[in-house]
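Per-entry structural report
What follows is each chain in one-letter form.
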Amino acid sequence: MLEMVAEQLGTAIDSGWLARMDKWGKAVTRFRKYSDGEHEAKMTDEMRKQLRVVDGEEFNSNYCDMVVSSMSDRLVIDRMDADATAAVTWANDVMQFNRFDELQMDVHQMALTDGDTFIFVGYDNEAQIPTFVHEPAWDGDVGMLVVYDRNRSQIMAAIKVWYEAGIDDAARRVNVYYPDRIEKYVTGKDKLETYEEVTPWVDADGSPVGLTIHHFKNRGRSRVELGMSELKNVVPLQDALNRTLYSMVMTAELTAFPVRVAKGFNPPANLSPGVWVTIGGDGLDKDQVADASVMAQGQLTPFIDQAKFLKGEIGTISSTPLPEFMGGDSSSGEALKQREVGLVGKCAKFQVKIGNVWEDIFLTARRVQLAFGTTAPPEVKRFTCKWKSAQLRNDNDWVKNAVAVKDDVGEREFLRLIGPVFGYDEAYIEKLIVEKAGDAGRRLEAAVGSLPGFSRVDLA
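Okay, so let's go over this structure. Because the structure is predicted, anything quoted here is derived from the model rather than measured.

**Re the overall build of the protein chain**
Each helix and strand in the protein chain was counted, giving 14 helices and 12 strands. Counting the 460 residues in the protein chain, one finds 38% classified as buried. At a minimum sequence separation of 6, the contacts of the protein chain that also span at least 24 residues come to 62%. Carbon and sulfur atoms make up 51% of the accessible area of the protein chain, which totals about 26600 Å².

Structure representation (structure tokens):
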């Protein structure tokens, strides 16, 4: 499949692109499986038989999902600010139309798991509003791939591979996106075959709209075309933990049901504790030996210690505060914060880099509306992505801190500060401000009307 795509791209790709994308797809598939708890047990048939495990149903202690979820749960965008009020309202409308609360959850989790994920910005002609479509990364079968320039700093083309109902089940659709056009193919026997005519990607004046594919690279680095999964360094430790778990289970089995040894006689088949065993009716000759014993058993304690060590290493390597190492219920809030410093630091870096991508997406959405919409979006120079705090929050302290700066930041920002505690969104904050202004006006009117000679004053 990739060979067909590479042939179609021609000189747009370098000589190593095909091998890199093939390796990347296999890694993405593996990370997804580990996150879902489908781990590579690597047990022999004899090991599975002894553990009474059916092939494909291996048990494990899945910490991969916890590593991803612990971070993704704290990556929540609160709002998109802009340098113009009208642009803020427009961005909020775009977010609501695209169900941004759900969309960002999927995007952030996939970026952490796969290392890379994508958003395609399109346009809904009926609703007259930009659309955001989440495109997961290439997994070796379907997904999104990108081609960077030789400096690996700018996307030159993007490729989407997927199956579509109504086409031969074995065939896949392939869209190749360029700044000025979209080429559409279907996989043939040994090459890509044109499925539809080339779709121009230009505005009303015939100018290229440009690529509207945005790449989310977890732990992205300059001039590196791919990101890094949060599970990259966790998977080997997860495998070691699973093997330790197998050993613990087998040791417990052999302790509860030990292998017994009979020497010089055949023990009864129904032998049970408390039953006498007679060895030879006439006793033993001097040259005969009879003995019964239990094969040496292992100790569970070393395996338990090893499992704790491996869990600790997973937490250390991934900067994830695992529950068993967070202390008891009596731990202070400050102590808990200290234990999660590494995780908060990771979240802060993610918010900066991925926040920039979201800001670019909204600028692209504005550009797409200018190209395809019937009405122009508001003027704006830049958007600013505002995230909810990734730190553990003590609600009482949070409100006290907000009250302390209320006079300095103003009413609206104060309500935004306490919003996460009471569940206020921008719409509700606006409603509170309007209601408060109305109440103040009515109180003033009542006060003025009570003065002698001012009963007929109308302050409206």
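**Here we look at a nonpolar patch on the surface**
Residues Leu254, Val259, Val261 and Met295 make up a contiguous nonpolar surface patch of roughly 320 Å² in combined accessible area. The topology assignment puts Val261 in strand β10 (residues 260-263).

**So, helix α5 (residues 85-97)**
End to end, α5 covers 19 Å across 13 residues, agreeing with the expected 18 Å (1.5 Å per residue, within 8%). Those residues of α5 that sit buried are Ala87, Trp90, Ala91, Val94 and Met95. Looking straight down α5, one finds that the buried residues subtend no more than 140° of arc, so they occupy a single side. Exposed side of α5, more than 90 degrees from the buried face: Thr85 and Gln96 are the residues found there. Elements in contact with the buried residues of α5: β1 (77-82), α6 (100-114), β3 (129-136), α10 (341-372) and β12 (383-387).

**Structural notes on the side chain of Lys346**
With respect to the secondary-structure elements, Lys346 resides in helix α10. Among the residues examined, Lys346 registers a relative accessible area of 12% and is labelled buried. Discounting residues that sit within four places of it in the chain, Lys346 has contacts with Met71, Arg219, Glu230, Ser318, Ser319 and Thr320.

**Considering the sheet that holds β3**
Taken together, three strands build an open sheet; the order of strands is β3-β2-β9 and the sheet is antiparallel. The open sheet terminates on both sides in strands that have one partner only, identified here as β3 and β9 (213-217). Here the strands of the sheet are splayed against their neighbours by 25° on average, with no regard to which way each runs. Here five bridges tie strand β2 (residues 116-124) to β9, and the two strands are oriented antiparallel to one another. By the bridge assignment, Phe120 is partnered in β9 with Ile213. Together, β2 and β3 form the strand contacts of α5, whose direction differs from that of β3 by roughly 50°.

**Observations regarding the sheet that holds strand β7 (residues 181-187)**
Spatially, β4-β5-β6-β7-β8 is the arrangement adopted by the five strands of the open sheet, whose pairing is antiparallel. Looking at which strands have only one partner, the edges of the open sheet turn out to be β4 (143-148) and β8 (192-200). Strand-to-strand twist in this sheet, taken as the mean axis angle between neighbours without regard to direction, amounts to 20°. Where helix α2 (residues 17-35) meets the sheet, it contacts β4 and β5 (155-162), and its direction lies at approximately 145° from that of β4.

**Brief notes about the packing of aromatic side chains**
Evaluation of the coordinates by the stated rule reveals 13 aromatic pairs. Relative to Tyr428, the ring of Tyr424 has its centre 5.2 Å away and its plane inclined at 40°; by these criteria the two rings are tilted. Its relative accessible area of 35% is what places Tyr428 among the partly exposed residues. Members of the aromatic cluster, connected to one another through ring pairs, are Trp90, Phe100, Phe132, Phe216, Trp358, Phe362 and Phe383. The aromatic ring of Trp162 is capped on one face by Lys160, whose charged end is 4.7 Å from the ring centroid.

**Brief notes about the pairing of β7**
Along any regular strand, the residues point their side chains to alternate faces of the sheet. In terms of burial, β7 is largely enclosed, as six of its seven residues are buried. Across five bridges, the pairing between strand β6 (residues 173-177) and β7 is antiparallel. Paired with Tyr177 across the two strands is Ile182, which belongs to β7. Hairpin connection from β6 to β7: three residues lie between these consecutive antiparallel strands. Note that β7 and β8 share six bridges and pair antiparallel. Each residue of the ladder has a partner; that of Val186, found in β8, is Glu193. Hairpin geometry of β7 and β8 is characterised by an intervening segment of four residues between the two adjacent antiparallel strands.

**Looking at the pattern of salt bridges**
Counted according to the given criterion, the structure contains 27 salt bridges. Between Glu225 and Arg20 there is a salt bridge, with its nearest N and O atoms 2.3 Å apart. On the criterion of sequence distance, the pair formed by Glu225 in the loop between β9 and α7 (235-256) and Arg20 in helix α2 is long-range, its members being 205 residues apart. A relative accessible area of 6% means that Glu225 is categorised as buried. The partner of Glu135 in a salt bridge is Lys160, with the nearest N and O atoms 3.2 Å apart. With Glu135 in strand β3 and Lys160 in strand β5, the pair connects residues that are 25 residues apart, well separated along the chain. In this structure Glu135 comes out as buried when scored by relative accessible area, which is 10%. According to the relative accessible area criterion, Lys160 is buried, its value standing at 19%. Here the salt bridges do not stand alone but share partners, grouping Asp78, Arg79, Asp81, Glu413, Arg416 and Glu426 into one network.

**Some points on the side chain of Asp81**
Here Asp81 is to be found in strand β1. For Asp81, a relative accessible area of 15% puts it in the buried group. Side-chain polar atoms of Asp81 contact the side chain of Arg79, separated by 3.2 Å. If sequence neighbours within four positions are ignored, Asp81 has contacts with Val88, Arg382, Phe383, Thr384 and Lys386.

**Regarding the environment of Asp205**
In this fold, Asp205 is placed in the loop between β8 and β9. Relative accessible area serves as the criterion here: at 71%, Asp205 is assigned to the exposed category.

About the thresholds
Residues numbered from 1 in each chain as written. Predicted model: local features only at pLDDT ≥ 70, side-chain atom pairs only at ≥ 80, totals over all residues. Heavy atoms only, no water. Helix = DSSP H or I, 4+ residues; strand = E, 2+ residues; numbered from the N terminus. Buried < 20%, exposed > 50% of the residue type's maximum accessible area, 1.4 Å probe, protein only. Contact = heavy atoms within 4.5 Å. Areas by Shrake-Rupley, 256 points an atom, 1.4 Å probe, with all protein chains shown as cover. Patch = residues over 30% accessible without salt bridge, like charges linked within 9 Å, V, L, I, M, F, W, Y side chains within 5 Å. Salt bridge = Lys/Arg side-chain N within 4 Å of Asp/Glu carboxyl O. Expected span 1.5 Å × (residues − 1). Arc of directions from axis to C-beta. Pairing = 2+ DSSP bridges. Axes fitted to C-alpha atoms, helices over the stretch in contact; angles between N-to-C directions. Phe/Tyr/Trp six-rings, centres within 6.5 Å; stacked < 30°, edge-to-face > 60°. Lys NZ or Arg CZ within 6 Å of the ring centre and 35° of its normal. Polar contact = N/O pair within 3.5 Å; in protein donor to acceptor, adjacent residues only side chain to side chain.

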